[in-house]
Amino acid sequence: MTFKRWPWRRATKVDVMARFVAVDVETANSRRASICQIGLVVYENRKIVDEWTTLVNPEDEFNVINVGIHGIGRRAVASAPTLPEVMGEVRKRLDGSCVASYGDFDRSAFLQAAARYNFPALDGQWLDLQHVVKQAWPAEFTAGGWALKKVCAQLGIGLSNHHDALADARAAGQVFVKAQENTNTWARDWFDMVRGAIAGAGDMRPQKASAPEANPTGALAGFRIVFTGELSMPRGVAEAKAAALGLRSCSSVSKKTNIVVVGEQDLSLVGADGMSTKQRKAAQLNTAGANIRVMDGAQFEALLRQHGHL
């Protein structure tokens, strides 16, 4: 699909068309509420006008995998403020704003943290910039995925300190600016129109992006697939590769489902049995006589490889 270059007006002053806040967080472990660093970068008329970052004491354990990724450990946050102590600074920049993050992780982290600490959710409109990249450059990043580091390298955006929250927020914002320039748009246009934008101010639930159209001549044409959890590849990439096989990606499990792919689950969201709602539904249907194949991420990749799509 070729992205339309919309003939929007120029932003003449700092206004809602041109302002957004890029956000990134790092977490101490697999629980998304365990925020240990926040980076916020305010863009107005495609220029950075404010940056703010802080380490956060997550009041939680640090997982060796997470520490290996971002380098933040217990000692680093020993004297850092807790999340409730910094939410005033966060709200000052995010409440009522157009908030952009690379992927849905950061929005989810703030939502889960709000539930953990029992404070109101952020009042803003949230945009997943992976959807923006897919729309602004529909051909360039299809094969290799939409990882922030890869996209930045291809667009010539510096990202020398990947997984530092401020560096990642700044880079994500620059990707968004490049997308606006490439399509002759402004920030507000995307929040209003691109798939994945939030339905309305104060509503933190993202609209479901339309799944890629299944290849009618694919090896598994006519079959339905459901994804749950985090995979080694972005969800959009997994759905695109499934579509090439002829698989139709669905958001929920039913008797018509043929395959359920189970990725890494957020332990703060799943039940005591470790299963997500989708995985549990598939197991219940199979017990009742359905024939739903449940596979993990490695088995899904093997399926793709078998048919020449990986």
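Structure: above.
Residues numbered from 1 in each chain as written. Predicted model: local features only at pLDDT ≥ 70, side-chain atom pairs only at ≥ 80, totals over all residues. Heavy atoms only, no water.

(A) Expanded view of the overall build of the protein chain. Looking only at helices and strands, the protein chain features 10 helices and nine strands. Across the 310 residues in the protein chain, those meeting the buried criterion constitute 50%. Nonlocal contacts in the protein chain, meaning residues at least 24 apart in sequence, comprise 70% of its contacts between residues at least 6 apart. If you sum the accessible surface of the protein chain, you get close to 14900 Å²; carbon and sulfur atoms cover 50% of it. (Helix = DSSP H or I, 4+ residues; strand = E, 2+ residues; numbered from the N terminus. Buried < 20%, exposed > 50% of the residue type's maximum accessible area, 1.4 Å probe, protein only. Contact = heavy atoms within 4.5 Å. Areas by Shrake-Rupley, 256 points an atom, 1.4 Å probe, with all protein chains shown as cover.)

(B) Quick peek at the environment of Arg280. When you line up the elements, Arg280 lands in helix α9 (residues 277–287). Counting along the chain gives 27 residues from Arg280 to Val253, while the straight-line C-alpha distance between them is 9.4 Å.

(C) Highlighting the sheet that holds strand β9 (residues 293–296). Read across the sheet, four strands follow the order β7-β6-β8-β9 without closing on themselves; strand pairing throughout is parallel. Edge strands, defined here as strands with exactly one partner in the open sheet, are β7 (248–250) and β9. Mean inter-strand twist for the sheet, computed between neighbouring axes without regard to direction, equals 30 degrees. In this sheet, β9 lies alongside strand β8 (residues 259–262) in parallel orientation, the contact comprising four bridges. Bridging from a neighbouring strand, Val261 pairs with Met295 of β9. (Pairing = 2+ DSSP bridges. Axes fitted to C-alpha atoms, helices over the stretch in contact; angles between N-to-C directions.)

(D) Representation of helix α8 (residues 235–244) within the structure. Across the 10 residues that make up α8, a large majority, seven, are buried. Burial in α8 covers these residues: Gly236, Val237, Ala238, Glu239, Lys241, Ala242 and Ala243. Lining the buried residues of α8 we find α4 (129–136), β6 (224–228), β7 and α10 (297–306). Positive phi appears at Gly246, one or two residues downstream of α8, with a value of about 100 degrees.

(E) Expanded view of unusual backbone geometry. One non-glycine residue with positive phi stands out, namely Asn118, at about 60 degrees. Along the chain, Asn118 turns up in the loop between α3 (105–117) and β5 (125–128). Non-glycine residue His163 carries a positive phi angle of around 80 degrees. With respect to the element layout, His163 can be found in the loop between α5 (148–155) and α6 (165–183). Given the relative accessible area of 28%, His163 is considered partly exposed.

(F) Region of the structure containing the environment of Met233. Here Met233 shows up in the loop between β6 and α8. Separated by 64 residues in the primary sequence, Met233 and Gly297 place their C-alpha atoms 9.1 Å from one another.

(G) Quick peek at the pattern of salt bridges. Scanning all chains against the criterion turns up 10 salt bridges. Residue Lys92 pairs with Glu89 through a salt bridge whose shortest N-O separation is 3.3 Å. In this pair, Lys92 and Glu89 both sit in helix α2 (residues 83–94), three residues apart, roughly one turn of the helix. With relative accessibility at 58%, the residue Lys92 sits in the exposed group. For Glu89, a relative accessible area of 31% corresponds to the partly exposed category. (Salt bridge = Lys/Arg side-chain N within 4 Å of Asp/Glu carboxyl O.)

(H) The arrangement of the packing of aromatic side chains in detail. As enumerated under the stated definition, the model contains six aromatic pairs in all. Judged by centre distance (4.7 Å) and plane angle (65 degrees), the rings of Phe20 and Phe176 are edge-to-face. Of this pair, Phe20 sits in strand β1 (residues 19–27) while Phe176 sits in helix α6, placing them 156 residues apart in sequence. For Phe176, a relative accessible area of 0% translates into the label buried. Between Phe227 and Phe300 the ring centres are 5.3 Å apart and the planes differ by 85 degrees, which places this aromatic pair in the edge-to-face class. Residue Phe227 is found in strand β6, and its partner Phe300 is found in helix α10; the two are separated by 73 residues along the sequence. Among the residues examined, Phe300 registers a relative accessible area of 1% and is labelled buried. Joined through ring pairs, the aromatic side chains of Phe20, Tyr43, Phe176 and Phe191 make up one cluster. Against the face of Trp186 rests Arg46, its NZ or CZ located 3.8 Å from the ring centre. (Phe/Tyr/Trp six-rings, centres within 6.5 Å; stacked < 30°, edge-to-face > 60°. Lys NZ or Arg CZ within 6 Å of the ring centre and 35° of its normal.)

(I) Representation of the pairing of strand β3 (residues 47–55). In the sheet, strand β2 (residues 35–44) pairs with β3 via eight bridges, with the strands oriented antiparallel. Counted as the bridge partner of Glu44 is Lys47 from β3. Linking β2 to β3, which pair antiparallel, is a turn of two residues; within it Asn45 sits at a positive phi near 50 degrees.

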